[in-house]
Amino acid sequence: SALPSRRILPLAAEYRKLFKGYWEHIIYDDVQQDPFEKDQPPGKAGYRSLLRVAIRLEGHLAGVLDFGSFTPSFYTNADAVIGRRIADHVALTLSHQRLAEQSLKAASLEERAANLKMLDSLLDAITGVIDIREVFSRVSEIASRVLPHDAMGLAIFTDDGGHVIPYATTFPDGTLPQITPLPESQRFLLNEQWESHIVDDIQLHPDGRATAFARIGMHSLLRVPIRLNGKLVGMLAFFSKQIGSYTQDDAI
C-alpha cells in the first residue's frame, strides 16, 4: 500500500536489460545495497528482499511480478518456483484480458463498418436535391440511426468569417436561429486545421449558453467541418441533451 498505483512510469535504462536474453526470476537479498534498486519504488518504500518473476505472453516478456519483504535475504530458489506458478496464473489472466480486448475491438470495427454502409443511404436522400434544407430532416433521421442526436444544425460562415449563418436545423418549431457574430473563442474554427470538435457540455461555456440550442436544453456538441475545394465554408453540428455523449468514434 506504500507504493504508487495506476501510474505510468518511464522505463529506466537499467530495466531494459530485462528484455535481453531469457530469464525466469531474479532474487535480491537486499535492494538497499543495490545502487539502482534502492532508488526505485520498492527500495524507497523500505523493502529489503525482492523476488522478481517474468511474465511472458506468447514467448515475449510482457511484465514482471515482484514480491517484496522487509526482511533481508528472505527469498530462495524454492520461493521462486512458487512465484513462477503464481506468475503463470497471472499471465493466463492477462492473456484472457487481451483476447477480450481484441474481441471488443473487432466488434467495434464491424459495427463502424456497418454504420458507414448504412450512411450510404444518405446519398439516396440527397441525390438530385438543389437545396439541402428541403431534405435536412430526412438527413437527420437517417444519421440518427448511427449517430444519435436530439438536434442537428448546418452552419455556414460568411465570406469574411465574421458571422455564422444558421442554414438548416431540426428545431422543433422549424425556425432558424439568427445570424450571429463568431465569438472570439471560436475563431480557431477558421484559423486552425481541424477535423472534429467535441464539447461535453455547452452549458458550461458562456458562448455555448448563449446559443439557441442551449436554450432548448442541449448539452453535448459534436461539430465536423464542411470544406469545398479545401476551403472551410461551414460545419455540421450534432447536439444531445445528455452530457458527454460524443467521442472520437462518433466524429468518424
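Residues numbered from 1 in each chain as written. Predicted model: local features only at pLDDT ≥ 70, side-chain atom pairs only at ≥ 80, totals over all residues. Heavy atoms only, no water.

J.: Even after reading the chapter, I still don't get the environment of L51, so can you show me in this structure?
T.: Within the secondary structure, L51 sits in strand 2 (residues 49-57). Note: C-alpha distance between L51 and L65 (14 residues apart in sequence) is 8.2 Å. Beyond its immediate sequence surroundings of up to four residues, L51 is in contact with H25, I26, I27, L65, D66, F67, Y75, D79 and A80. (Helix = DSSP H or I, 4+ residues; strand = E, 2+ residues; numbered from the N terminus. Contact = heavy atoms within 4.5 Å.)

J.: What is the right way to read unusual backbone geometry from this model?
T.: If a residue is not glycine, its phi is most likely negative; likewise, a peptide bond is most likely trans. The residue S73 is not glycine, and still its phi comes out positive at about 50°. Note on placement: S73 falls in the loop between strand 3 (60-69) and helix 2 (77-119). Residues other than glycine seldom take positive phi values, yet N229 does so here, at roughly 55°. Structurally, the position occupied by N229 is in the loop between strand 8 (220-228) and strand 9 (231-240).

J.: Which parts of the structure should I look at to understand the sheet that holds strand 3?
T.: Sheet strands associate in pairs through backbone hydrogen bonding, adopting either a parallel or an antiparallel arrangement. Read from one edge of the open sheet, three strands run 1-2-3, paired in antiparallel fashion. The sheet is open, and its two edges are formed by strand 1 (25-28) and strand 3, each paired on a single side. Averaged over all pairs of adjacent strands, the angle between their axes in this sheet comes to 15°, without regard to strand direction. Here strand 2 runs beside strand 3; their pairing, made up of nine bridges, is antiparallel. Within strand 3, the position partnered with L50 by the bridge is G68. (Pairing = 2+ DSSP bridges. Axes fitted to C-alpha atoms, helices over the stretch in contact; angles between N-to-C directions.)

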